[in-house]
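Summary of structural features
Below, each chain spelled out in residue letters.
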Amino acid sequence: SAPAGQRFDQFFNGTRSAGFPADASATGFTDGSFDQYAILDDVTGGNAWIGGIGEYIVATGLSESDRQKLEGFLAHKWSLTANLPSDHPYKATAP
């Protein structure tokens with residue numbers, strides 16, 4: 001199980017995914033059930049990912065600035081800058 005009070009966020013194209021941040025100590029994350037969350041899906045069903053994944057990164061302890069740099073780097077690497085929010089600091093230029 002996840003450590004008590006641990007929280008996690010999921011971002012997609014520079015935007016926090018709906019329903020996040022999630023709290024690993026919440027009722028839905030009882031001992032042994034934390035691993036039921038899958039990449040881009042959850043135990044509630046109906047959220048299955050359809051399509052390919054070019055790259056998926058899991059990181060801990062990133063500041064907002066570092067997360068945005070990582071998003072900007074990946075968006076420019078994969079030519080997906082159009083998918084970043086208009087106010088993203090690395091939409092126009094790579095970090």
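Structural notes, computed from the coordinates. The structure presented is a predicted model; accordingly, all values stated were derived computationally and were not measured.

The helix and strand inventory of the protein stands at 1 helix and 4 strands. Along the protein, from the amino end to the carboxyl end, the secondary structure elements read β-β-β-β-α. For the protein, the residues scored as buried account for 22% of the 95 residues in total. Contacts spanning at least 24 positions in sequence make up 26% of the contacts within the protein whose residues lie at least 6 apart. Carbon and sulfur atoms make up 53% of the accessible area of the protein, which amounts to about 6600 Å² in all.

With that settled, consider a nonpolar patch on the surface. Among the surface-exposed residues, I53, Y56 and V58 lie close enough to one another that they form a single nonpolar patch of about 310 Å² accessible area. Along the polypeptide, I53 turns up in the loop between β4 (22–23) and α1 (64–77). The exposure class assigned to I53 is partly exposed, which follows from its relative accessible area of 45%.

Before going further, it helps to spend a moment on the pattern of salt bridges. Between side chains of opposite charge, a pair can form as their charged atoms come close. Within this structure, the stated rule accounts for 2 salt bridges. The closest approach of N and O atoms between E64 and R67, which form a salt bridge, is 3.8 Å. In this pair, E64 and R67 both sit in helix α1, 3 residues apart, roughly one turn of the helix. The class for E64 is exposed, based on a relative accessible area of 53%. Judged by relative accessible area, which is 16%, R67 ranks as buried. Note that R67 and E71 form a salt bridge whose closest N and O atoms lie 2.7 Å from each other. Of this pair, R67 and E71 are both found in helix α1, 4 residues apart, which corresponds to roughly one turn of the helix. Among the ionic contacts, a cluster of salt bridges with common partners joins E64, R67 and E71.

Turning our eyes to something else, we now look at unusual backbone geometry. A positive phi angle is found at S79, which is not glycine, with a value near 55°. Mapped onto the elements, S79 comes out in the segment after α1. A relative accessible area of 66% means that S79 is categorised as exposed.

What follows covers the side chain of E71. With relative accessibility at 12%, the residue E71 sits in the buried group. For E71, the side chain forms a polar contact with the side chain of R67, separated by 2.7 Å. Not counting the four nearest positions on each side in its chain, E71 is found in contact with F11, G14 and H88.

Rules of the game
- Residues numbered from 1 in each chain as written.
- Predicted model: local features only at pLDDT ≥ 70, side-chain atom pairs only at ≥ 80, totals over all residues.
- Heavy atoms only, no water.
- Helix = DSSP H or I, 4+ residues; strand = E, 2+ residues; numbered from the N terminus.
- Buried < 20%, exposed > 50% of the residue type's maximum accessible area, 1.4 Å probe, protein only.
- Contact = heavy atoms within 4.5 Å.
- Areas by Shrake-Rupley, 256 points an atom, 1.4 Å probe, with all protein chains shown as cover.
- Patch = residues over 30% accessible without salt bridge, like charges linked within 9 Å, V, L, I, M, F, W, Y side chains within 5 Å.
- Salt bridge = Lys/Arg side-chain N within 4 Å of Asp/Glu carboxyl O.
- Polar contact = N/O pair within 3.5 Å; in protein donor to acceptor, adjacent residues only side chain to side chain.

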